[in-house]
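Residues per chain, in single letters:
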Amino acid sequence: MTKALEGVKILDFTHVQSGPTCTQLLAWFGADVIKVERPGVGDITRGQLQDIPKVDSLYFTMLNHNKRSITLDTKNPKGKEVLERLIKECDVLVENFGPGVLDRMGFPWERIKTLNPRMIVASIKGFGPGPYEDCKVYENVAQCTGGAASTTGFRDGLPLVTGAQIGDSGTGLHLALGIVTALYQRTVTGEGQRVTCAMQDGVLNLCRVKLRDQQRLQHGPLKEYSQFGEGVPFGDSVPRAGNDSGGGQPGRIVKCKGWETDPNAYLYFITQAPVWEAICDIIGEPDWKTNPDYATPPVRLPRLNEIFGRIEQWTMTKTKFEAMQILNERDIPCGPILSMKEIAEDESLKATGTLVEVDHPTRGKYLSVGNPIKLSASPTVVERSPLLGEHTQEILSSVLKYSESELSEIAASGAIGAPRMAAAE
Ligand code: COA
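Computed from a predicted structure; not experimentally measured. (Residues numbered from 1 in each chain as written. Predicted model: local features only at pLDDT ≥ 70, side-chain atom pairs only at ≥ 80, totals over all residues. Heavy atoms only, no water.)

J.: Looking at this model, I keep getting lost on the overall build of the protein chain. Mind explaining?
T.: Each helix and strand in the protein chain was counted, giving 18 helices and 11 strands. Along the three orthogonal principal directions, the C-alpha set of the protein chain runs to about 85 × 45 × 40 Å. Across the 425 residues of the protein chain, 45% fall into the buried class. Taking contacts inside the protein chain between residues at least 6 apart in sequence as the whole, the part at least 24 apart equals 67%. Taken as a whole, the protein chain presents about 20,800 Å² of accessible surface, with 56% of it coming from carbon and sulfur. Looking at charge distribution, the protein chain has the averaged site of its 46 positive side-chain charges lying 2 Å from that of its 52 negative ones. (Helix = DSSP H or I, 4+ residues; strand = E, 2+ residues; numbered from the N terminus. Buried < 20%, exposed > 50% of the residue type's maximum accessible area, 1.4 Å probe, protein only. Contact = heavy atoms within 4.5 Å. Areas by Shrake-Rupley, 256 points an atom, 1.4 Å probe, with all protein chains shown as cover. Lys, Arg positive; Asp, Glu negative; His and termini not counted. Charge placed at Lys NZ, Arg CZ, Asp CG, Glu CD.)

Structure below.
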């Protein structure tokens, strides 16, 4: 069976998390992803947060599956020649260098376009054009500047960043969609184009509902926020909403049996309007079905603290899994707070390939997140990440078709360094 992106060659200049997330997805869909790394150093994450000395970190291995690695010093004149050849050979160049790096390397968009008019050049930067365009950016900077931090956390606490890597992995996802869209357009126009995605923009896109609330605020209080029921006035910007539901169906995190000792014995409970009667039956408040103070969604809004307090009295008598079972039998949406340990042990996630065990020559077996996007005609087989420079010779000879004498010349120039079998120390 062929893969969806079979035949597409990606020149992967990405590093750290945002860009690698994108190229890993493309590799999972069947593209040939050629990761270019600096000789002797490689992607900085190979050596970051190492759990085993001199072994590529999980940070690196979990973001670089199914890729090939070539080491190339792009500041070396011979290295620049090889890069030129790679640009002519590949369909897409993906990079998330700091602002201006590609230009300083001698490969601005105009030059790449001349070398290969069909090439799609895809970039992630922290910010789009404007006052901050020259700034380097990491995950939490994007979360803070994209509206996530100011709206996450509790009203009386600090702004919070979230564990979901919406700045890095989120923007990588956005970029991947931009790339396949540009590839599709190329089938009609025959031409490449630039695809750019700023991390601030990617986060803001994921915080769309908060910009919705910012505008609703001009027309009155946000009644589904806890502070409305508590009588706390709203200011001029969207407040932090704690665990209040971001949608039209009020929800909260409630305690379950064992919460006193288990930090994850909690459940997200949604009081979806169509199942209100079932909720009343389960929590032992059948009168609330018809009582005019509780019977309809608008009258419940000022009473959410009381209602969720009553729901919690019931959930505290059940474990989160028991509660989930009982509630789902009546179609009441809810979600147990799963710890990473519980997720890592989840057999159903392993059965679908969302969790995969991967074998690595220097690390041994480890658990990774597989492809969350399932294509029925292009299934993903997760392969281990490459060692630094593992495919340098193979790419130079079989992709770029260098002759033996040219290969010796490249090696003598120092442009490719020596292949290493371990991570940067
Ligand atoms: N050969 C030779 N030099 C290389 C090379 C190679 N194969 N690959 C990279 N380099 C050089 C670059 O040319 C650059 O040199 P220059 O500054 O002299 O022009 C240098 O490495 C540093 O690149 P840079 O991307 O700025 O790395 P950094 O470690 O200083 O910054 C980031 C890291 C992530 C902050 C920055 O890349 C960035 O802001 N990226 C965009 C936003 C982003 O994706 N952030 C999230 C990352 S998860």
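J.: Could you clarify how one ought to interpret the site of the ligand in this entry?
T.: Around the ligand lies a shell of 23 residues, among which Leu-72, Lys-75, Gly-98, Lys-136 and Val-137 are the nearest. His-15 is positioned such that a nitrogen or oxygen atom in its side chain is 3.0 Å from an oxygen atom of the ligand. Computed on the free molecule, the ligand has an accessible area of 940 Å², of which 84% lies beneath the protein chains in the complex. Partitioned by chemical class, the residues of the shell around the ligand number nine nonpolar, seven polar and seven charged. (Near = heavy atom within 4 Å. Polar contact = N/O pair within 3.5 Å; in protein donor to acceptor, adjacent residues only side chain to side chain. Nonpolar A, V, L, I, M, F, W, Y, C, P; charged D, E, K, R; others polar.)

J.: Help me understand the UniProt feature "binding site: substrate" (unreviewed entry) in the protein chain in this model?
T.: Mapped onto this structure's residue numbering, the UniProt feature "binding site: substrate" (unreviewed entry) falls at Gly-247, Gly-248 and Gln-249. Mapped onto the elements of the fold, Gly-248 is located in the loop between helix H10 (226-229) and strand E7 (251-255). Those residues in contact with Gln-249 that lie beyond four places of it in its chain are Ile-270, Thr-271, Gln-272 and Ala-273. (UniProt positions renumbered as here; feature names shortened; annotations may be inferred.)

J.: Before we go on, may I ask you to explain the pairing of strand E2 (residues 32-37) in this structure?
T.: By the criterion of burial, E2 is predominantly enclosed, with five of the six residues buried. Bridge count for strand E1 (residues 9-13) against E2 is four bridges, and the pairing is parallel. When the sheet's bridge partners are listed, Ile-10 is paired in E2 with Val-33. Pairing between E2 and strand E3 (residues 67-71): five bridges, direction parallel. Following the sheet pairing, Ile-34 is matched in E3 by Arg-68. (Pairing = 2+ DSSP bridges.)

J.: Is there a simple way to think about the sheet that holds strand E8 (residues 266-270) in this case?
T.: Backbone hydrogen bonds hold the strands of a sheet together, and the pairing may be parallel or antiparallel. Taking strand neighbours across the sheet as the criterion, the three strands line up as E7-E8-E9 in an open arrangement whose pairing is antiparallel. Sheet topology places E7 and strand E9 (334-336) at the edges, where each strand pairs with a single neighbour. With strand direction ignored, the average angle separating the axes of adjacent strands in the sheet is 20°. Sheet topology places E8 next to E9; three bridges connect them, and they run antiparallel. The residue bridging Tyr-268 from the neighbouring strand is Gly-335, located in E9. Strands E8 and E9 of the sheet are contacted by helix H14 (residues 320-329), whose axis makes an angle of about 160° with E9. (Axes fitted to C-alpha atoms, helices over the stretch in contact; angles between N-to-C directions.)

J.: Looking at this structure, I do not really get a nonpolar patch on the surface. What am I missing?
T.: A contiguous nonpolar patch, built from Leu-173, Ile-373 and Leu-375 and spanning about 220 Å² of accessible area, is present on the exposed surface. Tracing the backbone through its elements, the reader meets Leu-375 in the loop between strand E11 (364-369) and helix H17 (392-399). (Patch = residues over 30% accessible without salt bridge, like charges linked within 9 Å, V, L, I, M, F, W, Y side chains within 5 Å. Salt bridge = Lys/Arg side-chain N within 4 Å of Asp/Glu carboxyl O.)

J.: Even after reading the chapter, I still don't get the sheet that holds E3, so can you show me in this structure?
T.: Here six strands make up an open sheet; going across it, the order is E3-E2-E1-E4-E5-E6 and the pairing parallel. Of all the strands in the sheet, the pair left with one neighbour each is E3 and strand E6 (194-198). The sheet shows a mean angle of 20° between the axes of neighbouring strands, taken without regard to direction. Two strands pair when backbone bridges link them, and strand E5 (residues 120-125) and E6 are joined in this way by five bridges, in the parallel orientation. Following the sheet pairing, Ser-123 is matched in E6 by Thr-196. On the sheet, H17 packs against E1, E2 and E3 and is oriented at approximately 95° with respect to E3.

J.: Looking at this model, I keep getting lost on the nonpolar core. Mind explaining?
T.: Considering soluble globular proteins, one finds that nonpolar side chains tend to be buried as a cluster. Grouped together as the largest cluster of nonpolar side chains are 35 residues, with contacts concentrated most on Ile-10, Leu-26, Val-92, Val-94, Leu-175 and Ile-179. Where this core is concerned, the elements lending two or more residues are helix H1 (18-28), strand E4 (92-95), E5, helix H7 (168-189), E6, helix H8 (199-206) and strand E10 (355-360). Every residue in contact with Leu-26, bar those within four places of it in the chain, is listed here: Leu-5, Ile-10, Ala-31, Ala-176, Ile-179 and Val-180. Membership of the second largest hydrophobic core comes to 30 residues, among which are Val-82, Ile-87, Met-105 and Ile-416. (Core = buried A, V, L, I, M, F, W, Y, C linked by side-chain atoms within 4.5 Å.)

J.: Explain H1 here, please?
T.: Along an α-helix, residues three or four positions apart point the same way, because every turn accommodates 3.6 residues. Here H1 lies mainly inside the structure; 11 of its 11 residues are buried. The complete set of buried residues in H1 reads Ser-18, Gly-19, Pro-20, Thr-21, Cys-22, Thr-23, Gln-24, Leu-25, Leu-26, Ala-27 and Trp-28. With its phi angle positive at about 110°, Gly-30 sits one or two positions after the end of H1.

J.: Hey, could you run me through the packing of H1 against H7 in this one?
T.: Working note: a packed helix pair is described by the angle between its axes plus the distance between those axes. One can describe the packing of H1 onto H7 by two numbers: an axis separation of 7 Å at closest approach and a directional angle of 45°. As judged from the angle between their axes, H1 and H7 are oblique. Read as a crossing pair, H1 and H7 show a hand that is right-handed. Residue-level inspection shows Ser-18, Thr-21, Cys-22, Leu-25 and Leu-26 of H1 in contact with H7, the latter providing Asp-168, Ser-169, Gly-172, Leu-173, Leu-175, Ala-176, Ile-179 and Val-180. (Parallel < 35°, antiparallel > 145°, perpendicular 65-115°, else oblique. Left-handed = near helix turned anticlockwise from the far one by under 90°.)

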